[in-house]
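Here is what each chain is made of, one letter per residue.
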Amino acid sequence: MSFYFAIVGTKDNPIYEVEFGTSGTKAAGLDPNAKKDEHRHLNQFIIHSALDLVEELQWNTNAMYLKSVDKFNEWHISAFISAGNIKFMLLHESKNEDSIRNFFNECHESYIKILMNPFYEINSPITSIGFDTKVRYAAKRYL
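None of these values were measured; they are calculated from a predicted model. (Residues numbered from 1 in each chain as written. Predicted model: local features only at pLDDT ≥ 70, side-chain atom pairs only at ≥ 80, totals over all residues. Heavy atoms only, no water.)

Of note, Phe-72 is situated in strand β3 (residues 65-72). By relative accessible area, which is 32% here, Phe-72 ends up partly exposed. In sequence terms Phe-72 and Leu-91 are 19 residues apart; their C-alpha atoms lie 9.3 Å from each other. Apart from the residues within four sequence positions on either side, Phe-72 is in contact with Ile-46 and Ile-77. (Helix = DSSP H or I, 4+ residues; strand = E, 2+ residues; numbered from the N terminus. Buried < 20%, exposed > 50% of the residue type's maximum accessible area, 1.4 Å probe, protein only. Contact = heavy atoms within 4.5 Å.)

Below, the structure written as structure tokens:
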């Protein structure tokens, strides 16, 4: 099972993105790097196309966790919006609302810690190895 997680800034720019899980390219006998790059672009496109739905839904609810906002074939897109209008988006195959909510809450907490860094500018890419480690650990734990 694979997941694609992206944090999108207030200007619809990607701040952070990571892919979890396996895609089965070695079993198919394909070049893993070419297939991974192709999937990465497709995942980015799917997440970007769901941004309009997220922005429409955010004004109709007070909840930060928007659950599943869109579906593309067998993939679901879940979203979480911070108070600063930063969008956390997850592309996934299975629907497990509680674990996805917990994953988003832990990632949001880690993002707030990044924001408290006086050298971090809002909407700039997150390059912190510590943040990446925390997100990967949360994915391993909840997803």
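After that view, the rundown keeps rolling.
Before going further, it helps to spend a moment on the side chain of Asn-123. With respect to the element layout, Asn-123 can be found in the loop between α3 (97-115) and α4 (129-142). Note on Asn-123: relative accessible area 13%, which makes it buried. Those residues in contact with Asn-123, other than ones at most four positions away along the chain, are Gly-9, Thr-10, Lys-11, Asn-13, Ile-15 and Ile-86.

Next up on the list: a positive patch on the surface. A cluster of basic residues, Lys-67, Lys-71, Lys-95 and Arg-101, forms a positive patch at the surface. Following the sequence through the fold, Arg-101 ends up in helix α3. Exposure remark for Arg-101: the relative accessible area of 36% places this residue in the partly exposed category. (Patch = residues over 30% accessible without salt bridge, like charges linked within 9 Å, V, L, I, M, F, W, Y side chains within 5 Å. Areas by Shrake-Rupley, 256 points an atom, 1.4 Å probe, with all protein chains shown as cover. Salt bridge = Lys/Arg side-chain N within 4 Å of Asp/Glu carboxyl O. Lys, Arg positive; Asp, Glu negative; His and termini not counted. Charge placed at Lys NZ, Arg CZ, Asp CG, Glu CD.)

A word on the pattern of salt bridges. Going through the model one piece at a time under the given rule, you end up with 4 salt bridges. We note a salt bridge from Glu-106 to Arg-141, for which the minimum N-O separation is 3.6 Å. Taken together, the residues span a long stretch of sequence, with Glu-106 in helix α3 and Arg-141 in helix α4 at a distance of 35 residues. Between Glu-109 and Lys-113 there is a salt bridge, with the nearest N and O atoms lying 3.8 Å from each other. Pair noted here: Glu-109 and Lys-113 are both in helix α3, with a separation of 4 residues, about one helical turn. On the basis of relative accessible area, Glu-109 is assigned to the partly exposed category, the value being 46%.

Once that is clear, we can look at α3. The end-to-end C-alpha separation of α3 is 26 Å, in line with the 27 Å expected for 19 residues at 1.5 Å each. Looking at α3, one finds that the buried residues are Ser-99, Ile-100, Phe-103, Phe-104, Glu-106, Cys-107, His-108, Ser-110, Tyr-111 and Ile-114. Check the buried side of α3 and you find it contacts β1 (2-8), β2 (14-21), β3, β4 (75-81), β5 (87-92) and α4. (Expected span 1.5 Å × (residues − 1).)

When β1 meets β2, the two strands line up antiparallel, connected through 7 bridges. Bridged to Phe-5 within β2 is Val-18. Connecting β1 to the next strand, β2, in antiparallel fashion are 5 residues, including Asp-12 with a positive phi near 60 degrees. (Pairing = 2+ DSSP bridges.)

A word on the side chain of Ser-110. Mapping Ser-110 onto the fold places it in helix α3. Not counting the four nearest positions on each side in its chain, Ser-110 is found in contact with Phe-131 and Lys-134.

The next subject is the nonpolar core. Among the nonpolar cores identified, the biggest contains 24 residues, and Phe-5, Phe-88, Phe-103, Phe-104 and Val-135 are the most heavily contacted of them. Here this core takes 6 residues from α3, the largest share from any one element. When residues no more than four places from it in sequence are discounted, the contact partners of Val-135 are Phe-5, Tyr-16, Val-18, Phe-20, Phe-103 and Cys-107. Counting residues in hydrophobic clusters, the runner-up holds 16 residues, among them Ile-46, Val-54, Ile-77 and Met-89. (Core = buried A, V, L, I, M, F, W, Y, C linked by side-chain atoms within 4.5 Å.)

In short, the description is geometric, and any link to function would need to be established separately.
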